[in-house]
Amino acid sequence: MASNDNQKPERVSSGNLGALTAIWPFLKKYTGLMGFALIALILTAAISLILPLAVRRVVDEFGVQNTGLLDQYFGSALIVVALLAVGTGFRYYLVSRLGERVVSDIRNVVFKNTIGMSPSFFEKILTGEVLSRITTDTTLILTVIGSSISVALRNVLLFFGGFLMMLLTSNKLTALAFLIVPVVIIPIIFLGRRLRALSQENQDHIASSSGNASEAFLGVQTVQAFTNENLAIDSFSNLTEKSYTVALRRVSIRALMTVIVIFLIFAGIIGVLWVGARDVQSQTMSAGELVQFLIYAIMVGGSVAALSEIWGELQRAAGAMERLAELLNTRDNIRDPEQPKMLNNINGKIELKDVNFSYPSRPDGAALKGISLVIDPGETIAIVGPSGAGKSTIFQLLLRFYDPLSGEIMIDDVSLRDLNRGDFRKGIALVSQDPIIFATTILENIKFGRPDASDEDIKVAARSASASDFIEELPLGYSTYVGERGMMLSGGQKQRIAIARAILRNAPILLLDEATSALDSENEVVVQAAVEELSRKKTTLVIAHRLSTVQSADRIIVIDDGKLIAEGTHKSLIAQDGLYAKLAHLQFSA
Ligand code: ADP
């Protein structure tokens, strides 16, 4: 439930609706859809504009009592109305389809961009927040493309068309009516800005509360075990309340804007109507003309009111798009080279040349200090040292999750910076200390090591990791669903699945981070044998806490406080009587 507001990716606020232009690259792929939607839109707007003309004729010629003509008018009105209905349906369908398509695309692109980010990105933002942006912020974009823009365009057309028709009907009344326009526009623009800021703040609070909740859910057992549900509830409801308060301010401003706009517009129309009614009385204008003018005026007034509402929505969407653009535009600080070198068959030679490193989030504390190390293909190295010494950090750098501050890491004499991460990572199998098991079946979890493996390969791998016994005892065997993060498995079972995954991957380089720590001694002996068999022909780095693992290694390196302080065999290091001898005495004596 950490709050890390000060570490969010930077937001470059464009200050107005400009942020919405970021939608264009997604829209322009669908010019066909847009074109048809536009045609439907123009057609329906044009029909709406023609209708009042017909009404005037009907009103003015009502007295003439020419039934034939009257029938004709009503007949054609029916056809026009049918066209209007069909056109509106098409417009709705096309525009909504466009919105759904574009929002799905945006979601996919945002996910694609974020899933490839190196860990330092996720140190700055809670995963729940990323999810909230992908789900709720895109929903705002959907409103914009799927309705607001088309409603806005329609109203712009109605506004200008209606204005033109008002002019044609009576320029005196039009001039009078338009005196009100500046009075209406000013509050719209002024309040609109405020709306946008509040909307963005609101979305930020929603995202924080999602981040907050997802963290609490992930650690739900710890929260409950420490009976800290109330802390979690308080911190969640705090954020929800904040978001409510901001939403309330936004809604109040919008309500105020609606009051001002509607009142001004209709007061204006009433005023104009008053003048018009006197013109009809003095017979300088026909009743039909006044009715026609009135309909156009209401149309124009209505379009201004609608535009003012949409203005608010566009502002909200602009805020949302800015938040999404942050995720889209964040450039990872780890990047693949423009022209990567190719490694055809990875032999598994590893070299660290004077590697210095500190984590980006902790620039002052060096995690690795001047580590140099050459590991030959097929060699097994045990890495030993106290907790926090920097052992796992070496793995992080070997996978190029981070770059060293200085020095070089090479695989087969090529620097990792010159390789595509996707290429060399294919040559690495990792079993981490806290194995990540996904919410799917056991089979799929093992298959994760090599997605094109056959079911038979998977079972062989499971057998080698001595996982097959417990798997086959489960009610659905390999098809057993294991729950979120493998909740339904024990620590040792998860480790064996992770080892089976690594065996299946069959990569030339194997990274084992205390891979057998959660196993009981009986299982450990079996799994250890499997791991040894697996590592026989592979370059293996194993972070070890157990004597058995350490003794079977070709070489042991001792890390303390980020420095490589000794290397050798178990015997030679014991003889040196340094840190290793002390650790061995403490840890391996049992
Ligand atoms: P070991 O594996 O030897 O127990 P680590 O390599 O995990 O130690 O950690 C080395 C040091 O780096 C520790 O001081 C740890 O607190 C720090 N560290 C590890 N991960 C991060 C991170 N993501 N950000 C900042 N510091 C980290």
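Residues numbered from 1 in each chain as written. Predicted model: local features only at pLDDT ≥ 70, side-chain atom pairs only at ≥ 80, totals over all residues. Heavy atoms only, no water.

**Quick look at the overall build of the protein**
1) Next: From N to C terminus, the protein includes 20 helices and ten strands.
2) Next: In summary, the protein has a C-alpha radius of gyration of 35 Å against a globular reference of 25 Å for 590 residues, an excess of more than 25%.
3) Next: Seen through its principal axes, the protein has C-alpha atoms that stretch 120 × 50 × 50 Å.
4) Next: Within the protein, the proportion of its 590 residues that are buried is 45%.
5) Next: Long-range contacts, defined as pairs at least 24 residues apart, comprise 79% of the intrachain contacts of the protein with a sequence gap of at least 6.
6) Next: When the accessible surface of the protein is totalled, it reaches about 29,700 Å², and 60% of it is carbon and sulfur.
7) Next: For the protein, the distance from the average site of its 55 positive side-chain charges to the average site of its 58 negative ones is 6 Å. (Helix = DSSP H or I, 4+ residues; strand = E, 2+ residues; numbered from the N terminus. Rg over C-alpha atoms; globule rule 2.2 N^0.38 Å. Buried < 20%, exposed > 50% of the residue type's maximum accessible area, 1.4 Å probe, protein only. Contact = heavy atoms within 4.5 Å. Areas by Shrake-Rupley, 256 points an atom, 1.4 Å probe, with all protein chains shown as cover. Lys, Arg positive; Asp, Glu negative; His and termini not counted. Charge placed at Lys NZ, Arg CZ, Asp CG, Glu CD.)

**A word on the packing of aromatic side chains**
1) Next: Taken as a whole and assessed by the stated rule, the structure comprises six aromatic pairs.
2) Next: Plain terms: the ring middles of F357 and Y402 are 5.5 Å apart, the flat faces sit at 50 degrees to each other, and that makes the pair tilted. Remark: Y402 occurs in the loop between α11 (391–398) and β4 (406–411) and F357 occurs in strand β1 (residues 350–357); sequence separation between them is 45 residues. Exposure class is identical for F357 and Y402. Each is buried.
3) Next: The interplanar angle of 45 degrees and the centroid separation of 4.7 Å between the aromatic rings of F438 and F448 together place this pair among those described as tilted. Linking F438 in the loop between β6 (428–431) and α13 (442–447) with F448 in the loop between α13 and α14 (455–464), this pair joins segments that are ten residues apart in sequence. (Phe/Tyr/Trp six-rings, centres within 6.5 Å; stacked < 30°, edge-to-face > 60°.)

**Some points on the packing of helix α6 (residues 171–178) against helix α9 (residues 229–281)**
1) Next: Contact pair α6 / α9: the axes reach a minimum separation of 9 Å and the direction vectors enclose 160 degrees. Taken together, α6 and α9 sit at an angle that is classed as roughly antiparallel. For the element pair α6 and α9, the recorded crossing hand is right-handed. Touching K172, L173, L176 and A177 of α6 are V272, V275, G276 and D279, all from α9.
2) Next: Among the residues forming the contact of α6 with α9, the class breakdown is five nonpolar, one polar and two charged. (Axes fitted to C-alpha atoms, helices over the stretch in contact; angles between N-to-C directions. Parallel < 35°, antiparallel > 145°, perpendicular 65-115°, else oblique. Left-handed = near helix turned anticlockwise from the far one by under 90°. Nonpolar A, V, L, I, M, F, W, Y, C, P; charged D, E, K, R; others polar.)

**Quick look at the domain arrangement of the protein**
When the parts of a complex come together, some accessible area is lost, and that lost area is often taken as the interface size.
1) Next: Each assigned domain of the protein is listed with its residue range as follows: domain 1 (18–329), domain 2 (340–427 + 508–581) and domain 3 (437–506).
2) Next: Here the C-alpha centroids of domain 1 and domain 2 sit 58 Å apart.
3) Next: Opposite the five residues of domain 1 that make contact, domain 2 presents five residues.
4) Next: Buried surface at the junction of domain 1 and domain 2, both sides included, amounts to about 380 Å², of which 50% is carbon and sulfur.
5) Next: Across the contact surface, domain 1 and domain 2 share zero salt bridges.
6) Next: Summed over the shared surface of domain 1 and domain 2, the number is two residue pairs in polar contact (both at pLDDT 80 or more). (Domains from an automatic or database assignment. Buried area = accessible area lost by both parts, 1.4 Å probe. Salt bridge = Lys/Arg side-chain N within 4 Å of Asp/Glu carboxyl O. Polar contact = N/O pair within 3.5 Å; in protein donor to acceptor, adjacent residues only side chain to side chain.)

**With respect to a nonpolar patch on the surface**
1) Next: A contiguous nonpolar surface patch, about 370 Å² in accessible area, is contributed by L38, I42, I149, L153 and L157.
2) Next: Mapped onto the nonpolar patch, the elements with two or more residues apiece are α2 (31–62) and α5 (127–169).
3) Next: In terms of residue count, α5 provides more of the nonpolar patch than any other element does, three residues in total.
4) Next: I149 gets classed as partly exposed once you look at its relative accessible area, which sits at 33%. (Patch = residues over 30% accessible without salt bridge, like charges linked within 9 Å, V, L, I, M, F, W, Y side chains within 5 Å.)

**Description of the nonpolar core**
1) Next: With 45 residues, the main nonpolar core has I446, I471, I499 and Y580 as its most contacted residues.
2) Next: Looking at this core, you find at least three residues from each of domain 2 (340–427 + 508–581) and domain 3 (437–506).
3) Next: The contact partners of I446, leaving out residues within four places of it in the chain, are I458, A462, I471, Y478, I497, A500, R501 and L504.
4) Next: With 34 residues, the next largest nonpolar core counts A19, M117, M321 and L324 among its residues. (Core = buried A, V, L, I, M, F, W, Y, C linked by side-chain atoms within 4.5 Å.)

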